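Coordinates in review
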Amino acid sequence: MLNDHASELLRYVLNGLVATAVHYGVFVFMLETLRFPSAAMASVMAALVGIAISFMGCRYFVFRRMQGTFLQQFPRFIALYASIALLHGLVLLIWSDWFGMDYRMGFLIATGLQVMLSYFGNKILVFKA
């Protein structure tokens, strides 16, 4: 059986996969179907949807920290993820919009940074014990 930390990390990965799939799906839809001219802008807008999914998953599935109220946790979560979304958009701005490289690879690079920052930010700042 997994210890508490390993179990929490596994739940975090699962929640992140769902939120990232939603983020990526909306991102591609905006670029390919709606023909957004900027990968950076599409990513930032799609991130808002992924952020909502991620918060609910973190609060009720990953960290299960109900000591803090929704009104205490949500602003910290939004501040953390707004910063991460801007970083994600900045990576895509530089990678795809400025250098013309494939947006899919830029998305993977930005998402790697996002995963590291969001886990530790959530654990330390938002859903702390």
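Residues numbered from 1 in each chain as written. Predicted model: local features only at pLDDT ≥ 70, side-chain atom pairs only at ≥ 80, totals over all residues. Heavy atoms only, no water.

Structural notes on the overall build of the protein
For clarity, the threshold we go by: Helix and strand assignments follow DSSP, with helices taken as H or I runs no shorter than four residues and strands as E runs no shorter than two, numbered in order from the N terminus. Radius of gyration: C-alpha atoms only; globule rule: 2.2 Å multiplied by the number of residues to the exponent 0.38.
Scanning the protein for helices and strands turns up 4 helices and 0 strands. Reading the helices (α) and strands (β) of the protein from amino to carboxyl end gives α-α-α-α. Scaling as 2.2 N^0.38, a compact globule of 129 residues should have a C-alpha radius of gyration of about 14 Å, and the protein matches this with 15 Å. For the protein, the spread of C-alpha atoms along the three principal axes comes to 45 × 35 × 20 Å.

What to know about the nonpolar core
Rules: We call a set of buried residues a nonpolar core when its members are Ala, Val, Leu, Ile, Met, Phe, Trp, Tyr or Cys and they connect through side-chain atoms within 4.5 Å of each other. Think of it in three bands: residues with accessible area under 20% of the maximum for their type are buried, residues over 50% are exposed, and the middle band is partly exposed, with areas taken using a 1.4 Å probe on protein chains only.
Counting 15 residues, the largest nonpolar core has Ile-51, Phe-63, Phe-77 and Phe-127 as the members making the most contacts within it. For this core, the secondary structure elements donating two or more residues are α2 (39-62), α3 (70-98) and α4 (103-126).

Side note on the side chain of Gln-114
Keep this limit in mind: The contact criterion used throughout is that any non-hydrogen atoms of two residues lie within 4.5 Å.
You can see Gln-114 is positioned in helix α4. Not counting chain neighbours up to four residues away, the residues in contact with Gln-114 comprise Tyr-12, His-23, Ile-84 and His-88.

Details of the pattern of salt bridges
What counts here: Counted as salt bridges are all cases of a side-chain nitrogen of Lys or Arg within 4 Å of a carboxyl oxygen of Asp or Glu.
Within this structure, the stated rule accounts for 2 salt bridges. Note that Lys-123 is salt-bridged to Glu-8, the shortest N-O span being 2.7 Å. Of this pair, Lys-123 sits in helix α4 while Glu-8 sits in helix α1 (residues 4-33), and the two are 115 residues apart along the sequence. Note on Lys-123: relative accessible area 27%, which makes it partly exposed. Classification of Glu-8 by relative accessible area gives buried; the value is 5%.

Section: unusual backbone geometry
Glycine aside, negative phi is the norm for most residues, and most peptide bonds take the trans geometry. The backbone of Arg-35 sits at a positive phi, close to 60 degrees, despite the residue not being glycine. Along the chain, Arg-35 turns up in the loop between α1 and α2.

These results come straight from atomic positions and should not be treated as a statement about function.
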